[in-house]
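Overview (structure and organization)
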Number of protein chains: 2
Amino acid sequence: MFNGAILIGATERQGGESFHAIDPATGAKGDVAFHNASTSDVADACALADAAFDSFSTLTPNDRAAFLEAVADQIMAIGDLLITTAMSESGLPRGRLEGERGRTVGQLRLFASYVRQGDWLDATIDSALPDRTPLPRSDLRRVNHAVGPVAVFGASNFPLAFSVAGGDTASAFAAGCPVVVKGHPAHPGTGELVARAIAAAVKASGLHEGVFSYLPGTTNELGGALVADPRIKAVGFTGSRGGGLALMKIAANREEPIPVYAEMSSINPVVLLPGALAARAEALGTAFVGSLTLFSGQFCTNPGLVIALDSPDLDRFVTSAAEALSANGAQVMLTPGIHAAYEQGVAALAGAEGVTTLARGAEAEGVNRGRHALFATTGDRFRSNPALAHEVFGSSSILVKCATIDEVVATIARLEGQLTATLQMDASDTDNAAKLLPTLSRKVGRVLANGWPTGVEVTHAMVHGGPFPSTSDGRTTSVGTLAMMRFLRPVCYQDVADAVLPPALQAANPWGLTRRVEGKLEIVA
Amino acid sequence: MFNGAILIGATERQGGESFHAIDPATGAKGDVAFHNASTSDVADACALADAAFDSFSTLTPNDRAAFLEAVADQIMAIGDLLITTAMSESGLPRGRLEGERGRTVGQLRLFASYVRQGDWLDATIDSALPDRTPLPRSDLRRVNHAVGPVAVFGASNFPLAFSVAGGDTASAFAAGCPVVVKGHPAHPGTGELVARAIAAAVKASGLHEGVFSYLPGTTNELGGALVADPRIKAVGFTGSRGGGLALMKIAANREEPIPVYAEMSSINPVVLLPGALAARAEALGTAFVGSLTLFSGQFCTNPGLVIALDSPDLDRFVTSAAEALSANGAQVMLTPGIHAAYEQGVAALAGAEGVTTLARGAEAEGVNRGRHALFATTGDRFRSNPALAHEVFGSSSILVKCATIDEVVATIARLEGQLTATLQMDASDTDNAAKLLPTLSRKVGRVLANGWPTGVEVTHAMVHGGPFPSTSDGRTTSVGTLAMMRFLRPVCYQDVADAVLPPALQAANPWGLTRRVEGKLEIVA
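Let me sum up the structure you'll find in this document. Keep in mind it's a predicted model, so treat the numbers as computed, not measured. (Residues numbered from 1 in each chain as written. Chains lettered and ligands numbered in written order. Predicted model: local features only at pLDDT ≥ 70, side-chain atom pairs only at ≥ 80, totals over all residues. Heavy atoms only, no water.)

Right, let's get into the overall build of chain A. A count of helical and extended segments in chain A gives 14 helices and 25 strands. Across its three principal axes, chain A shows a C-alpha extent of roughly 75 × 65 × 40 Å. Residues classed as buried in chain A amount to 61% of the 525 residues present. Excluding contacts between residues fewer than 6 apart, the proportion of contacts in chain A whose partners are at least 24 apart in sequence is 76%. Accessible area for chain A stands at about 17400 Å²; split by element, carbon and sulfur atoms hold 55% of it. Across chain A, the centroid of the 40 positively charged side chains sits 3 Å from that of the 51 negatively charged ones. (Helix = DSSP H or I, 4+ residues; strand = E, 2+ residues; numbered from the N terminus. Buried < 20%, exposed > 50% of the residue type's maximum accessible area, 1.4 Å probe, protein only. Contact = heavy atoms within 4.5 Å. Areas by Shrake-Rupley, 256 points an atom, 1.4 Å probe, with all protein chains shown as cover. Lys, Arg positive; Asp, Glu negative; His and termini not counted. Charge placed at Lys NZ, Arg CZ, Asp CG, Glu CD.)

Here it is in C-alpha cells:
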C-alpha cells in the first residue's frame, strides 16, 4: 500500500505541501495526498546515504548481488497493485506495464549477475620490479571504487524501468552507491510502492538504512537541493532537455562539481536508403508508423526524423505511412502537461514555413489524447531552420527529402547528438551506408540497420546514450551493464600490504576475479 | 631547430604579438621571438583536426601504434638540442630532463603496445536470439570510438612529459583523436621542437596533416577560444586550479558542453603512523625532505601536508626533517611567476595564526630561487582554517599534529580531493591504517604505503587523478594506459551487416581482439 509518505532511510515522514496523482485517461484526481519533501528531508536523506556509504560500497559482490535480487523480489511481491496503480497514473495499458515490470526486475537481476562476475572492478596489478634500474618500481594495484551517494531523477514515460528502481538506481546500487530518489510527481503511488519495496529489501538484507531514501515532490527546488547537497557525488536523470540542463548547471556550480548523467533529447533519425525503399516501401511505411505511434510515441528513442532521397519509391513509403497513421487513433498521453506540450510542438511544425502535413492520426474520445502527426520538408529547409530538429515528445515525425546522398550526409552532419540512428538498407545500399556511417557514428550512441529504434535491450553491448544533447555525457550509457561505470572511479594502491588491500587486489584473489596482471588478462575459470 | 612558428597542420605561420623565453636561472631573455597564435589560427587548426578525424580515428591499431612510435623516434631524433633548450627554459638540470625525455618516449611506446593489444576497444558482442519469446532479440555489438578532436594544455613543470607530447597528447592520439596543443609560454622553444617532431611523424606516417597542430601563446584568450571551438570534443589540462576552473566554465557554457580533464591542485597528505615513527623517525624525516625538495617541490604530487599523532617520536621526525631542510639550498624555480607565487604562499603560511615555522631551507645565490619551508600547526587550527590546506606550489609543507587517531580521521575527512595519500606504517600500524583507509580512499586516486608520492609510474594500474579539485573528473587518470578512456565513447551497432561493421566487431575478428561475447571474455592468444 501507499499513503503519501516520504521515506528517509527506514523512517516514514508525512508533511509538506500536498499533491495528488492525476489519471491522464480521465483527468480524475487520485484520493491519496502525497507530500513534497522539504530541503531538510533532502539533508537528512543525504546524511544517511553518506553514513551508509562505507559499509555498502565495500560489500562483497555476492552480498551486493543478493541485495539487487532482493529488490527485484520485493517489486514482484507488490503484486497486481503495482500494475493497476501505474496504469491509473500513466495511462499506459496493462500489457505494457507488465512488460516494463519484467524489464525492471530483469535489469536488477542482470546487474546482480554482472556484479558477482566482477569484471567491473577492473582489478589491475603491475607487480614490483625491485631490480629495475636506475630505480626499482613499486607494486601498483588498481581497482574501481563507488563514487559516493547518487541522486536519481526518474522519467515519467517509464514509471517502472526508468524510475525509482530503474536503470539509474540499479546501476548505482550495483556500483556500491547509496541512492536518494527524487520521485516523479506523475506517478507518485507507483513510485512509493517501489520505494517501499527497495526499503524492505534494504532491511531484509541487513544493510544500513541510508542505502536508499525516497523524496517525492513537484518542485524544482527539491531537485535542485538534492543535486546541490555536498554529499551527493553523481546524478542520474531522464527527462526533458530543460530539466537536464538545469541540473547540469547546478552540479557545475557546486563547490565540488559533480557529473550529471542526463538523458534528455533525441529525434533518432531514420535513413531510408534507395535499395530498401525500392524493395519494400509500403512495408517500411507501415512498420515506421508502428514504431512512431507505439504508446503514443512517448519514447526517447522515438523516430522523430526520417531522411530519404526523393523518388517515386519514397512516394510509395509516404502513401503507406500516411494511410497507417490516419487509421491509428489518438492514445492517452502520460500527463496533461506532456499532452499540451505535444500539441504545441505539432502546431509549431504544422505552421512552419516549407513544412507540409502529410497525415494526422485519427481523433479519439477523451482527454489528453495525442493525435499522431507526420510532416515533410526539404533538406534545404530542414538544415536552415534548427527548430525543425527540436524533439516533439510524442508521435510526431518529420520526413526530410534530399536530392543526393551527399545531401543526406550534409543533413546528418547538421544534427545535434542523438541516442540512435537507423539505416533501412538492402545489400545494394552498402556503399551508401558506408558513406553515411562516419558522419552518423559521430552523432549517435547506437546505429541500427533494418530495425526501429524503439525497444532498448538490456544487455552488455547496449548503449543508450549519445553525444549532447541526447545525453549530457556521450561517454556513457544509462541502459545495460556498462551503465555501472558511470558510478565508479579508479583507485590505485602502491606498495600497500596485502592485509590492508581491498579483497579484489589481494594476492590470494579471494573473489576469484579476472584481473589484468602485468598488462595481460588472467581469466579465472 | 625552432624559429617561433605556429604550426597549423603542415603549415608554418609567423605573426601575432611576440614573446620570448626567460631562463629562470638567470632571468635572461631568449633570442627567438615566439608568436601568439590568433583566434583564426585556432579556427584553422580545429577545422583541420575535424577534417582529419574520420581517417585518423579509424586507423588500424597497428597503424596508430606505429604513428605513436614514430613520434617517440622523432623526439629522440631532436637530440641534445631538446635537452639544452628545456634546461634553459625551465631551470631543471640535465639529468632530470633526460629522464623526463625517457619517460615521454616510454609513455608513447607503452600506449603503442596497448593500442596494438586492443582491449581498450572493449569490443562486446551479444548475439541475436531469434527464438526468444515474446520478441526475438537483435544482434548487438559495442565498440569504443574516439570522441573527436582534443585540445591539450601542457604544464610548466614537466616541459616534456606533461607538455606537447605528454600524457594527454599520447593518450588522445592512442584513442584516435587529433590533437591541437596550446603551447605553454614558459618553454616555447622546447614546445616547438617537440611540435615539429610530431608534425614530422604525422608526415612520415602518411596521415592527414590535421592530426596535429601547435598554437603557442601567452594569453587566456587563446586557450579560451580553443576550448570554445565547436569542433573540439574534449580538453586535457595540467596546471593551476584557477586555470582549470576557467576552462571548465568555458566548456560547460558551450552550446555543446564538453569534458575538461584538468589536473589542478593537491597537497598529498602523508600520515605518519605511530609504529613507523617509533621505528624510524629520523629516517622518515630525511626521506620526507628528499621528496619535498626534489626539483624545488614543483610536482603535483609534492607532499604538502604531514599528519601525525603528537609524541616524542614525532619530535624526532621534526628534528631530523628540520635539519635536512635547513641544509638543503634553494633551487631555481620554473618561472619568475611561480617563484613569486611560492614566496607569497610561504609568507601567508608563516604569518597565519597558530602556525609555527619549523625550518626554512638555505638561501642560494641568483634569481628565482625557492627556499624550502616546513610549518606546523594543530589539528584544530588546521581544520578551522581552510586556507592552510591550499596548495603552495613548491617545496612547502605543513605538519598537522593530532591527539588521537580519530582526530587524524576527522582531519582527513575535512580535506578536499587529492591525487595521493601516503601512509608511513609498520605491521603494528595495521589496525590504524584500516581505520583510516575508508576516509582516505574517498579522497584520493592513489594510496601509498611507505613510499613518497613524487614519482608517478606510467603503467596499467597507475591512477594520476582524484576527486575534485585534484582533478576536474575523479573518474579518470592522466597517467597510465587507463588515460585513453577519457577520449573514448561507446557506440552500439544493432543488426548491422558484417561488411559495414567496424573491424573490431566483425565476425572474423580481423584484429584478433579479446572480446566479451554473451557476457564472457574470449581471449585470443
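What follows is about the relation of the copies chain A and chain B. The operation relating chain A to chain B is a screw motion whose rotation component is 180 degrees, with 0.0 Å of axial translation and a residual RMSD of 0.0 Å. In the structure described here, the two chain copies are related by an operation that fits a two-fold rotation axis. Among all C-alpha atoms of chain A, that of A252 of chain A lies closest to the rotation axis, at 3.7 Å. Of the residues that chain A buries at the interface, 100% are likewise interface residues in chain B, meaning the two copies contact each other through the same surface. (Least-squares fit on C-alpha atoms with pLDDT ≥ 70 in both.)

Attention now moves to the side chain of T477 of chain B. Looking at the secondary structure, you find T477 of chain B in the loop between β22 (444-449) and β23 (488-494). A distance of 2.7 Å separates the side chain of T477 of chain B from the backbone nitrogen of H464 of chain B, its partner in a polar contact. (Polar contact = N/O pair within 3.5 Å; in protein donor to acceptor, adjacent residues only side chain to side chain.)

It is worth spelling out the sheet that holds strand β21 (residues 418-424) of chain A at this point. Spatially, the 12 strands line up as an open sheet ordered β17(A)-β19(A)-β20(A)-β15(A)-β14(A)-β21(A)-β22(A)-β23(B)-β8(B)-β7(B)-β24(B)-β25(B), and their pairing is mixed. Each end of this open sheet is capped by a strand with a single partner; those strands are β17 (356-360) of chain A together with β25 (520-522) of chain B. Across the sheet, the axes of successive neighbouring strands diverge by a mean angle of 25 degrees, strand direction being ignored. Direction of pairing for strand β8 (residues 140-146) of chain B relative to β23 of chain B: antiparallel, over a ladder of seven bridges. (Pairing = 2+ DSSP bridges. Axes fitted to C-alpha atoms, helices over the stretch in contact; angles between N-to-C directions.)

Residues that lie three or four places apart on an α-helix share one face, since the helix turns once every 3.6 residues. Residues and elements named next belong to chain B. Taking 1.5 Å per residue, 17 residues should reach 24 Å; helix α6 (residues 188-204) reaches 24 Å between its end C-alpha atoms and fits that length. Turning to α6, its buried residues number three or more, namely P188, G189, T190, G191, E192, L193, V194, A195, A197, I198, A201 and V202. G206 sits one or two residues past α6 and shows a positive phi near 70 degrees. (Expected span 1.5 Å × (residues − 1).)

Residue and element names in this part refer to chain A. With the rule as written, the count across this model stands at 60 salt bridges over all chains. Across the pair D139 and R141 runs a salt bridge whose closest N-O atoms are separated by 2.7 Å. Assigned by exposure class, D139 and R141 land together as buried. (Salt bridge = Lys/Arg side-chain N within 4 Å of Asp/Glu carboxyl O.)

The next thing to look at is helix α3 (residues 80-90) of chain A. Residues and elements named next belong to chain A. Turning to α3, its buried residues number three or more, namely L82, I83, T85, A86, E89 and S90. The buried residues of α3 occupy an angular sector of 170 degrees when projected down its axis, which confines them to one face. Against the buried residues of α3 lie β4 (22-23), β6 (34-35), α2 (61-78), α4 (94-117) and α6 (188-204). (Arc of directions from axis to C-beta.)

Reports often express the size of an interface as the amount of accessible area lost when the parts come together. The partner chain B presents 67 residues to the 67 residues of chain A that form the contact. Interface area, chain A with chain B, both sides summed: about 5600 Å², of which 57% is carbon and sulfur. Its largest share of buried area at the contact with chain B, chain A owes to R442, R475 and R489 of chain A, together 13% of the area lost on that side. At the surface where chain A touches chain B, the tally comes to 10 salt bridges. Note that D473 of chain B and R475 of chain A form a salt bridge whose closest N and O atoms lie 3.8 Å from each other. At the boundary of chain A with chain B, the tally comes to 34 residue pairs in polar contact (both at pLDDT 80 or more). Broken down by secondary-structure element, the contributors of at least two residues to the side of chain A that touches chain B are α1 (39-57), α4, β7 (124-126), β8 (140-146), α14 (430-443), β22 (444-449) and β23 (488-494) of chain A. The residue inventory of the side of chain A that touches chain B, partitioned by class, reads 32 nonpolar, 13 polar and 22 charged. (Buried area = accessible area lost by both parts, 1.4 Å probe. Nonpolar A, V, L, I, M, F, W, Y, C, P; charged D, E, K, R; others polar.)

Now for the sheet that holds β8 of chain A. Strands pair in a sheet through their backbones, by hydrogen bonds, and they do so in one of two ways: parallel or antiparallel. Spatially, the 12 strands line up as an open sheet ordered β25(A)-β24(A)-β7(A)-β8(A)-β23(A)-β22(B)-β21(B)-β14(B)-β15(B)-β20(B)-β19(B)-β17(B), and their pairing is mixed. Two strands close off the open sheet at either side, each with one partner strand: β25 (520-522) of chain A together with β17 (356-360) of chain B. Across this sheet, the average inter-strand angle for adjacent strands is 25 degrees, counted without regard to direction. Judged from the three bridges that link them, β7 of chain A and β8 of chain A form a sheet pairing that is antiparallel. In the sheet register, T124 of chain A faces β8 of chain A, and the bridge partner there is R142 of chain A.

What follows is about the packing of α2 of chain A against α6 of chain A. All names here are of chain A. Where α2 contacts α6, the two axes come as close as 8 Å, and the packing angle between them is 135 degrees. What the angle tells us is that α2 and α6 run oblique. The way α2 lies across α6 gives a crossing that is right-handed. Only L193, V194, A197, I198, A200, A201 and V202 of α6 make contact with α2, whose side of the interface consists of F67, A70, V71, Q74, I75 and I78. Of the residues belonging to the contact of α2 with α6, the class tally is 12 nonpolar, one polar and no charged. (Parallel < 35°, antiparallel > 145°, perpendicular 65-115°, else oblique. Left-handed = near helix turned anticlockwise from the far one by under 90°.)

Let's shift gears to the environment of E323 of chain B. Residue and element names in this part refer to chain B. Looking at the element boundaries, E323 is found in helix α10 (residues 312-327). Residue classification places E323 among the exposed positions, given a relative accessible area of 58%. Considering only alpha carbons, one finds E323 and L358, 35 residues apart in sequence, at a separation of 9.8 Å.

In this section: the side chain of S265 of chain A. Structurally, S265 of chain A can be placed in the loop between β13 (260-263) and β14 (269-272). Excluding residues within four positions of it along the chain, S265 of chain A makes contact with R241, E391, G417, P469 and S470 of chain A.

All names here are of chain A. Take K203: it is sitting in helix α6. K203 sits in the exposed class, given a relative accessible area of 72%. Residues K203 and Q494, spaced 291 residues apart in sequence, show a C-alpha to C-alpha distance of 37 Å.

A separate point is the packing of aromatic side chains. Residue and element names in this part refer to chain A. Applying the stated criterion across every chain yields a total of 26 aromatic pairs over all chains. Consider the rings of Y261 and F487, whose centres lie 5.6 Å apart with planes at 85 degrees: the pair is edge-to-face. Residue Y261 is found in strand β13, and its partner F487 is found in the loop between β22 and β23; the two are separated by 226 residues along the sequence. Residue Y261 shares its accessibility class with F487, and that shared class is buried. (Phe/Tyr/Trp six-rings, centres within 6.5 Å; stacked < 30°, edge-to-face > 60°.)

Residues and elements named next belong to chain A. Note on placement: S18 falls in strand β3 (residues 18-19). Each C-alpha atom of the pair S18 and P178 lies 27 Å from the other, and the pair is 160 residues apart in sequence. In contact with S18, not counting residues within four places along its chain, are A33, F34 and H35.

Attention shifts here to the state of the cysteines. Residue and element names in this part refer to chain A. In this structure the tally under the stated criterion is zero disulfides over all chains. Not engaged in a disulfide, the cysteine C177 finds its nearest cysteine sulfur in C46; these two sulfurs lie 13 Å apart. Its relative accessible area of 0% is what places C177 among the buried residues. (Disulfide = S-S within 2.5 Å.)

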